[in-house]
Amino acid sequence: MVLLKPSAFSKSPKLAPPQQGGFSDSLIGDTVEAADAFIRQWVSPHLYDSSSTSCSLSSLFSAENRGEGRRFLDVLAKLHYAIQSAGLVNPDSAKLAQARELMQTAMKYLEKEFYRVLKSNRRFLDSESISGLSSNEKAEVNADADAIEDLKMIANCMISSGYEKDCLKIYKKLRRKMIVEALSNLGFEKLTSAQMQKLEWEILEKKIKGWVRLAKVAFVTLFNGERILCDRIFSTSSSSSSVSIAESTFIDITLPSALKLFVFPITVAKCRKTAEKIFPTLDVYQTILHVIPQIEQIFSYDSTASVRSQAAESLEKLGESVNAMMIEFQSSITKESSKSPIPGGGVHQLTRYVMNFIVFLADYSDSLTVIIKDKESSLPLPEDYYNNEENPENAGSPMAARLAWLILVLLCKIDAKSRLYSDAALSYLFLANNLHYVLTKVRTSNLKVVLGDDWVANHEVKVTQYLEKYEKMAWGDVIASLPGVSTAAAKAEEALRRFNKAFEETYKKHKNWVVPDPKLRDEIKASIASKLMGGYTGFYKEYPVGSSDIVRFTPEDLNGYISDLYIGLRGSVPVSTN
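So, here is what we can say about the structure in this document. Predicted, not measured: the structure shown is a model, and the values here were computed from it.

### Some details on the packing of helix α11 (residues 278-298) against helix α12 (residues 305-335)
Relative orientation of the contacting elements α11 and α12 amounts to 155°, with a least axis distance of 9 Å. On the basis of their axis angle, the class for α11 and α12 is roughly antiparallel. Crossing geometry of α11 relative to α12 is assigned as left-handed. Residues Ile278, Thr281, Leu282, Val284, Tyr285, Ile288, Leu289, Ile292, Ile295 and Glu296 of α11 pack against Val307, Arg308, Ala311, Ser314, Leu315, Leu318, Gly319, Ser321, Val322, Met325 and Met326 of α12. Taken together, the residues of the contact of α11 with α12 sort by class into 15 nonpolar, four polar and two charged.

Have a look at this one:
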């Protein structure tokens, strides 16, 4: 409004100047009077004293007073509007000063209410409850929703009234404390990389197990719940900066803790690369790999890109470490230098160790698929064992090729160790035992899925071939010496003598040979029995025991001796004196 100064030459009576802000003062005066009357119903008179820290007379946002709480916020919204309007017209108005003082008093009370709602509903506002709002406990879900709605309305009122800093200070302080406490309860330790590198591996391995449990809860529940809560409470609150209030609040509460979590995996990746450390390292890698979708969703802001990059860097470093450990493991197989043959041609301890190791590796197939991106191997294989059928390049994926390669390195080593036996038959039994053990481990683990049915079928054929060669070399002479029912009586005695001698020598030699797998042991004995028992039984019917001192065994005796084979028994048969 423009006021014209009266002319000095005017002869009309002097008019009194209009009262500035008359309408606005009247408006704000009415608003202040109505607001003051309502606010005094809830706010202790002591709170009007700026030096007082007294609390309110009653909780405005309790369940029974929630309707009044909404009305309280409406009153403050009107008061804020009146203050803004009056400030434009008459900024020096006494009524305006009174209104601002009343607003400050109300905000001080509202600040306490905001804190009370946050703290008293802590059980409903913990990250687990927020992350699982689909809970079947309806009453708790409702309490949760009411608390969030109260906080949202209070925050909107405070922020729109210019008290953003006060509101966020309370929220950030309390929620940050909850995050730190939750992580501490999960076992999180604030160790630096230097401190962790000084730990013994056994201690660090225990801490790895704790970190794996912690990280799953932190990213799936803790940080996720905090993101949801920030978005719900501050979703409609505007900010003067390019970063939303919900975003900036979430960052201030979670970012420091999230980044500290990744100090651990990067430190684990720096540990000395030995084969026994690969599985704890894979545990850390797999944990991060599995929570990557949550990390990308929860920390999706540009301002939280550091968390995503730390997760990616952790995977990269851990993957490099796992690759180095696999190379070290492969090298340890080729460098194994024991020269003592396994008694009885049993399963070599190297076979047991390597296959158990590879079986565990197969349980991490999803992680190894990401880590192993090519089919290259760093160590050569003996030329006499390498052929197209065994070539790991034929495996379907780089990961499958690498595991197939490790098994092939083992089989090459076992092939070399079979040459430590002076008896060729025992060499083939040793090869059959060890390859059968390998196959059993593959069939009964995730390796069967990784390597496929064709791999299994090809190696089953090899076991059969080893057994055929063993049987021919070990029992060929016995089978050849077996007298038939058509043997002439004059030659029967000599034929039986040859059979007795061959069987006794073979039995003596083989009684200490072993086949650890019961099923394979029964198959071998059944094969031998099928080739001996029919012919010998027919002969025995023609020349029963007692008809000649050369007849040493009944068919039942012969079958019993065969049954005693390959189980380490120390029984023996009488030695022929002829």
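### So, α11
When the terminal C-alpha atoms of α11 are compared, their 29 Å separation across 21 residues agrees well with the 30 Å that a helix rising 1.5 Å per residue should span. Most pronounced at Val291, the bend in α11 amounts to some 50°, and the proline Pro293 follows within four residues.

### Considerations on the environment of Ala82
Summarising the element assignment, Ala82 is placed in helix α2 (residues 66-89). Each C-alpha atom of the pair Ala82 and Leu96 lies 8.6 Å from the other, and the pair is 14 residues apart in sequence. Aside from chain neighbours lying at most four places away, what touches Ala82 is Ile28 and Thr31.

### Regarding the pattern of salt bridges
The final tally for this structure, using the stated rule, is 16 salt bridges. In this structure, the salt-bridge partner of Glu336 is Lys417, at a minimum N-O distance of 2.6 Å. In this pair, Glu336 sits in the loop between α12 and α13 (349-362) while Lys417 sits in helix α15 (residues 398-418), placing the two residues 81 residues apart along the sequence. Here the two residues Glu336 and Lys417 agree in accessibility, since each one is buried. Measuring nitrogen to oxygen at the nearest pair gives 2.7 Å for the salt bridge that ties Lys448 to Asp453. For Lys448, a relative accessible area of 32% puts it in the partly exposed group. With a relative accessible area of 52%, Asp453 lands in the exposed category. Counted as one network, the salt bridges with shared partners bring together Arg66, Arg70 and Asp150.

Parameters and conventions
Residues numbered from 1 in each chain as written. Predicted model: local features only at pLDDT ≥ 70, side-chain atom pairs only at ≥ 80, totals over all residues. Heavy atoms only, no water. Axes fitted to C-alpha atoms, helices over the stretch in contact; angles between N-to-C directions. Helix = DSSP H or I, 4+ residues; strand = E, 2+ residues; numbered from the N terminus. Parallel < 35°, antiparallel > 145°, perpendicular 65-115°, else oblique. Left-handed = near helix turned anticlockwise from the far one by under 90°. Contact = heavy atoms within 4.5 Å. Nonpolar A, V, L, I, M, F, W, Y, C, P; charged D, E, K, R; others polar. Expected span 1.5 Å × (residues − 1). Bend = angle between axes of the 7 residues up to and from the residue. Salt bridge = Lys/Arg side-chain N within 4 Å of Asp/Glu carboxyl O. Buried < 20%, exposed > 50% of the residue type's maximum accessible area, 1.4 Å probe, protein only.

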